[in-house]
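# Structural overview for review
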Amino acid sequence: MYIYILFALIASIFTSLTTILAKVGIKNVNSNFATCFRTFIVIICSLILCLIQDTFKETVKFNYINIIFIILSSIATFLSWIFYYKALKIGEVSKVVAIDKCSFVLTTILFIIFFFNDTTNNGNIFTIISIVLSLSLMIAGTLLMLDLKKKKDIDIESNNEFKHKKKYIIYALLSAIFASLVSLFIKIGLNNISSSILTFYRTILVFIFALIIVIVKKDYIGISKNDAKSYIFLTLSGLSTGIAWISEYEALNIPNSNPLVVSSITKLSIILTFIVSFIFFKEKANKKTISGVILLTLGIVLIIINDIVVKYNLI
């Protein structure tokens with residue numbers, strides 16, 4: 001009954017690895033080119049999986065609804081990635097991830113609107129209260145993690161640098177908005193489609209969009225100077241992305257799975273990302289940041305516990 005939780009947990013782990021590996025890989029690489037390169041790696045992974053599972057035959061079963069939502073989810077994915085890696089390049093990993101995970105707020109609202117019975121357990125009052133409390137905890141946690149108060153007596157040069165670095169907030173917010181649309185599009189129009197074939201076609205479209213951007217902006221100039229380390233980590237990040245995507249889509253496609261719970265579990269990736277960012281990337285942790293992570297985690301876990309409690313009639 002709860003096999004979808006296992007798939008969602010796998011997606012969560014590899015989502016975290018995606019961010020961690022990408023942060024290392026894009027250090028000295030143009031973010032648009034990095035997006036394009038990583039997307040190509042995901043295509044290769046999904047192609048191999050499709051061949052192994054022999055899922056290309058499902059293509060003939062696609063209807064116009066499937067095609068429309070594959071295109072829409074691809075566009076949303078592409079825009080989310082572009083803004084996410086722009087934010088990741090100039091911002092701290094822990095803060096970028098905190099904002100990105102707030103896509104859960106918009107995702108929740110959209111799922112409630114389009115899948116009210118699935119997300120609220122048929123209007124269960126306990127579930128609705130839990131959702132409201134969860135969103136409140138996550139918003140509060142994100143604000144604590146950002147710690148946007150500006151230091152006094154900052155000189156003009158430092159002030160300009162400060163403003164530039166704070167652009168990551170806008171990029172991360174835009175990434176979160178488009179990321180929230182991806183799950184909705186998949187749930188609405190892509191049910192009963194194999195996760196591997198879905199990943200393959202969506203990634204091809206994302207790659208085309210990314211390649212156009214790279215060519216138009218001439219972001220390919222200077223790629224010969226990128227070191228092997230960057231390509232290795234971007235490749236590993238692409239592999240992690242493929243596994244995360246396929247696992248999440250598999251979870252969403254399982255009958256009677258709660259899309260809100262799936263989305264919640266994948267957001268638990270923030271815990272591993274948080275730990276790694278402070279141990280390996282030497283990002284500063286204070287009481288506010290730690291409190292923010294705790295509140296974010298509590299908000300996510302609350303949704304998961306509520307679903308188990310209600311479905312097993314424990315209250």
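How each quantity is defined
- Residues numbered from 1 in each chain as written.
- Predicted model: local features only at pLDDT ≥ 70, side-chain atom pairs only at ≥ 80, totals over all residues.
- Heavy atoms only, no water.
- Helix = DSSP H or I, 4+ residues; strand = E, 2+ residues; numbered from the N terminus.
- Rg over C-alpha atoms; globule rule 2.2 N^0.38 Å.
- Buried < 20%, exposed > 50% of the residue type's maximum accessible area, 1.4 Å probe, protein only.
- Contact = heavy atoms within 4.5 Å.
- Areas by Shrake-Rupley, 256 points an atom, 1.4 Å probe, with all protein chains shown as cover.
- Patch = residues over 30% accessible without salt bridge, like charges linked within 9 Å, V, L, I, M, F, W, Y side chains within 5 Å.
- Salt bridge = Lys/Arg side-chain N within 4 Å of Asp/Glu carboxyl O.
- Core = buried A, V, L, I, M, F, W, Y, C linked by side-chain atoms within 4.5 Å.
- Phe/Tyr/Trp six-rings, centres within 6.5 Å; stacked < 30°, edge-to-face > 60°.
- Axes fitted to C-alpha atoms, helices over the stretch in contact; angles between N-to-C directions.
- Parallel < 35°, antiparallel > 145°, perpendicular 65-115°, else oblique.
- Left-handed = near helix turned anticlockwise from the far one by under 90°.
- Nonpolar A, V, L, I, M, F, W, Y, C, P; charged D, E, K, R; others polar.
- Polar contact = N/O pair within 3.5 Å; in protein donor to acceptor, adjacent residues only side chain to side chain.

What follows concerns the overall build of the chain. Scanning the chain for helices and strands turns up 14 helices and zero strands. When the elements of the chain are put in sequence order from the N terminus, they spell out α-α-α-α-α-α-α-α-α-α-α-α-α-α. For 315 residues, the compact-globule estimate of 2.2 N^0.38 gives 20 Å, and the chain sits close to it at 20 Å. Principal-axis analysis of the C-alpha atoms gives the chain an extent of 60 × 45 × 30 Å. Every one of the 315 residues in the chain was classed for burial, and the buried ones make up 51%. Restricting to contacts in the chain with at least 6 residues of sequence separation, those with at least 24 account for 89%. When the accessible surface of the chain is split by element, carbon and sulfur atoms take 70% of a total near 14900 Å².

Moving on, we come to the environment of Leu 296. Along the chain, Leu 296 turns up in helix α14 (residues 287-311). For the pair Leu 296 and Val 310, spaced 14 residues apart in the sequence, the C-alpha separation amounts to 22 Å. What Leu 296 contacts, discounting residues up to four positions off in sequence, is Ala 98, Leu 137, Met 138, Gly 141, Thr 142, Met 145 and Ile 270.

A separate point is a nonpolar patch on the surface. A surface patch of nonpolar side chains, amounting to about 380 Å² of accessible area, comprises Phe 40, Ile 44, Ile 48 and Ile 52. Residue position: Ile 52 is located in helix α2 (residues 31-53). Here Ile 52 falls in the exposed class, since its relative accessible area comes to 64%.

What follows deals with unusual backbone geometry. Within the chain, Asp 54 stands out as a residue other than glycine whose phi angle is a positive 55°. Tracing the sequence through the fold places Asp 54 in the loop between α2 and α3 (64-90). Of the residues examined, Asp 54 reaches a relative accessible area of 44% and is grouped as partly exposed.

This brings us to the nonpolar core. In terms of nonpolar packing, the biggest core is built from 72 residues, with Tyr 4 and Leu 88 touching the most fellow members. Sort the elements by how many residues they give to this core and α3 lands first, with 10 residues. Look past the residues within four positions of Tyr 4 in its chain and what remains in contact with it is Ala 251, Ile 254, Ser 257, Asn 258, Val 261, Val 262, Asp 307 and Lys 311.

Applying the stated criterion to the full structure yields 15 aromatic pairs. When the ring of Trp 245 is compared with that of Tyr 249, the centres are 6.2 Å apart and the planes differ by 40°; the resulting orientation is tilted. With Trp 245 and Tyr 249 both in helix α11 (residues 228-253) and four residues apart, this pair spans about one turn of that helix. Under the relative-accessibility criterion, Trp 245 is labelled buried at 9%. The buried category is assigned to Tyr 249, whose relative accessible area is 2%.

Take the packing of helix α13 (residues 269-279) against α14 next. When two helices pack together, their arrangement is captured by the angle between the axes and the distance separating the axes. Relative orientation of the contacting elements α13 and α14 amounts to 165°, with a least axis distance of 10 Å. Classified by the angle between their axes, α13 and α14 sit roughly antiparallel to one another. By crossing handedness, the relation of α13 to α14 is classed as left-handed. For the pair α13 and α14, contact is made by Ile 270, Ile 271, Phe 274 and Phe 278 and by Thr 289, Ile 290, Val 293, Leu 296 and Thr 297, respectively. Along the lines of polarity and charge, the residues of the contact of α13 with α14 split into seven nonpolar, two polar and no charged.

Within the secondary structure, Thr 18 sits in helix α1 (residues 3-25). Overall, the relative accessible area of 8% leaves Thr 18 in the buried class. Within the structure, the side chain of Thr 18 is placed 3.2 Å from the backbone nitrogen of Thr 241, a separation counted as a polar contact. Every residue in contact with Thr 18, bar those within four places of it in the chain, is listed here: Arg 38, Tyr 85, Ser 237, Ser 240 and Thr 241.

Assignment of secondary structure puts Leu 236 in helix α11. The partly exposed category is assigned to Leu 236, whose relative accessible area is 36%. Along the primary structure Leu 236 and Val 216 are separated by 20 residues, whereas in three dimensions their C-alpha atoms are 27 Å apart.

Once that is clear, we can look at the pattern of salt bridges. A side chain with one charge can pair with a side chain of the opposite charge if their charged atoms come near. Taken as a whole and judged by the stated rule, the model has one salt bridge. Asp 54 serves as the salt-bridge partner of Lys 57, at 3.8 Å between the closest nitrogen and oxygen. A relative accessible area of 56% means that Lys 57 is categorised as exposed.

At a minimum axis distance of 8 Å, the contact between helix α4 (residues 93-100) and helix α9 (residues 167-189) shows a crossing angle of 35°. The way α4 lies across α9 gives a crossing that is right-handed. For the pair α4 and α9, the contacting residues are Lys 95, Val 96, Ile 99 and Asp 100 in the first and Tyr 168, Ile 169, Ala 172, Leu 173, Ser 175 and Ala 176 in the second. Here the contact of α4 with α9 is composed, by residue class, of seven nonpolar, one polar and two charged.

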